[in-house]
Amino acid sequence: MRARKKSWAPREIETNPALIETPTDHAGRWAEYFGNDKPIHLEIGCGMGRHITKLAAENPGVNYIALEREPNVIVTGARAAREAGLGITFIIGDAREIAGFFGRGEVSRIYINFPDPWRNRRKWHKRRLTSAGFLHAYRHVMGDTGEVFHKTDNMPLFEFGLEQFSQNGFALRNISLDLHKSNPDGNIMTEYEMKFAALNLPIYRCEAFYSSST
């Protein structure tokens, strides 16, 4: 996600304790960091944070972590969470390094909302957040059980994700080919999703999960 540079961004990064640039310092010790044993839910590619801030406001029994590689983007959500008194942690980092950010089994749910489809070249498909390499990393950070909630407006990407989930030990449930027409309870829209909804474009969604038996 591209965004205009914000003059206040460097200070927010410097002074907001919820913004972390070295998540490897906490790998295997996130419960200690949060000071509780609540489940940890991670959003990969949180953008400006609309989705995760609303999730956190509605679910105080969960520790939320937002991951975004663009500092100038993530600061918007970090500042909003700070001003609202929400205990969300924001990681400035690349999803390709996620296995080093967490110990095995520290995360119980991952959200992937409207990721880059990397559609231009076949060899770029491995960069997709639902490709096999990423799924193996997710299984590491989620341990013996875990689930991935995925939303996109891109049908080829969605089909690719369904295939990859199935081929890499995940089962699927709650598959929707037009999310908003099904009027799902508790759906929180991202910034992108609000734009797509206004244009009446279909949103594709699924939940992929596994346990030690899958």
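Residues numbered from 1 in each chain as written. Predicted model: local features only at pLDDT ≥ 70, side-chain atom pairs only at ≥ 80, totals over all residues. Heavy atoms only, no water.

**Side note on the overall build of the chain**
So, point 1. Summing up its helical and strand segments, the chain has 7 helices and 8 strands in all.
So, point 2. Here the C-alpha radius of gyration of the chain, 17 Å, is about what a compact globule of 214 residues would show, namely 17 Å.
So, point 3. Counting the 214 residues in the chain, one finds 50% classified as buried.
So, point 4. Considering only intrachain contacts with a sequence separation of at least 6, the fraction spanning at least 24 residues in the chain is 76%.
So, point 5. Accessible area for the chain stands at about 11000 Å²; split by element, carbon and sulfur atoms hold 48% of it.
So, point 6. Averaging the positions of the 28 positive and the 25 negative side-chain charges in the chain gives two centres separated by 6 Å. (Helix = DSSP H or I, 4+ residues; strand = E, 2+ residues; numbered from the N terminus. Rg over C-alpha atoms; globule rule 2.2 N^0.38 Å. Buried < 20%, exposed > 50% of the residue type's maximum accessible area, 1.4 Å probe, protein only. Contact = heavy atoms within 4.5 Å. Areas by Shrake-Rupley, 256 points an atom, 1.4 Å probe, with all protein chains shown as cover. Lys, Arg positive; Asp, Glu negative; His and termini not counted. Charge placed at Lys NZ, Arg CZ, Asp CG, Glu CD.)

**Structural notes on the pairing of strand 4 (residues 89-92)**
Both faces of the sheet carry side chains from a regular strand, because those side chains alternate between them.
So, point 1. Taking every second residue as pointing to the same face, both faces of strand 4 are buried, with Thr89 and Ile91 on one and Phe90 and Ile92 on the other.
So, point 2. Across 2 bridges, strand 1 (residues 19-20) lies against strand 4 in parallel orientation. Paired with Ile20 across the strands is Ile91, a residue of strand 4.
So, point 3. Direction of pairing for strand 3 (residues 63-68) relative to strand 4: parallel, over a ladder of 4 bridges. Directly across from Glu68, in strand 4, lies its bridge partner Ile92.
So, point 4. Taken together, strand 3, helix 4 (residues 71-84) and strand 4 form a β-α-β motif whose crossover is right-handed. (Pairing = 2+ DSSP bridges. Right-handed = clockwise from strand over helix to strand, strands pointing away.)

**So, helix 4**
So, point 1. For helix 4, built from 14 residues, the straight-helix expectation of 20 Å at 1.5 Å per residue is met to within 8% by its first-to-last C-alpha distance of 20 Å.
So, point 2. Where helix 4 is buried, its residues touch helix 1 (9-15), strand 1, helix 3 (50-58), strand 3 and strand 4. (Expected span 1.5 Å × (residues − 1).)

**Regarding the sheet that holds strand 4**
So, point 1. Read across the sheet, 8 strands follow the order 1-4-3-2-5-6-8-7 without closing on themselves; strand pairing throughout is mixed. At either end of the open sheet lies a strand with only one pairing partner, and these are strand 1 and strand 7 (171-176).
So, point 2. Contacts from helix 3 reach strand 2 (40-44), strand 3, strand 4 and strand 5 (109-113) within the one sheet, and its direction differs from that of strand 3 by about 175°. (Axes fitted to C-alpha atoms, helices over the stretch in contact; angles between N-to-C directions.)

**Some remarks on a positive patch on the surface**
So, point 1. Together, Arg69, Arg121, Lys123, Lys126 and Arg127 give the surface a local cluster of positive charge.
So, point 2. With respect to the helices and strands, the residue Lys126 is situated in the loop between strand 5 and helix 5 (132-142).
So, point 3. Under the relative-accessibility criterion, Lys126 is labelled exposed at 65%. (Patch = residues over 30% accessible without salt bridge, like charges linked within 9 Å, V, L, I, M, F, W, Y side chains within 5 Å. Salt bridge = Lys/Arg side-chain N within 4 Å of Asp/Glu carboxyl O.)

**Structural notes on the packing of aromatic side chains**
So, point 1. Summed over the entire model, instances satisfying the criterion amount to 12 aromatic pairs.
So, point 2. With centroids separated by 5.8 Å and ring planes inclined at 85°, the aromatic side chains of Trp118 and Trp124 adopt a geometry described as edge-to-face.
So, point 3. Where Phe134 meets Tyr138, the ring centres are 6.3 Å apart and the plane angle is 35°; that geometry is what we call tilted. Placement of the pair is Phe134 and Tyr138 together in helix 5, with a separation of 4 residues, close to one helical turn. (Phe/Tyr/Trp six-rings, centres within 6.5 Å; stacked < 30°, edge-to-face > 60°.)

**Focus: unusual backbone geometry**
Where the residue is not glycine, phi is negative for most of them; where a peptide bond is considered, it is trans in most cases.
So, point 1. Not every positive phi belongs to a glycine, and Phe114 is a case in point at roughly 50°.
So, point 2. Structurally, the position occupied by Phe114 is in the loop between strand 5 and helix 5.
So, point 3. Residue classification places Phe114 among the buried residues on the basis of a relative accessible area of 9%.
So, point 4. Here the phi dihedral of Asn174 falls at roughly 50°; this positive angle occurs in a residue that is not glycine.

**With respect to the side chain of Ser131**
So, point 1. Within the secondary structure layout, Ser131 lies in the loop between strand 5 and helix 5.
So, point 2. For Ser131, a relative accessible area of 4% gives the class buried.
So, point 3. A polar contact is formed between the side chain of Ser131 and the backbone oxygen of Arg128, at a distance of 2.7 Å.
So, point 4. When sequence neighbours within four positions are dropped, the list of residues in contact with Ser131 reads His125, Lys126, Phe160 and Gln164. (Polar contact = N/O pair within 3.5 Å; in protein donor to acceptor, adjacent residues only side chain to side chain.)

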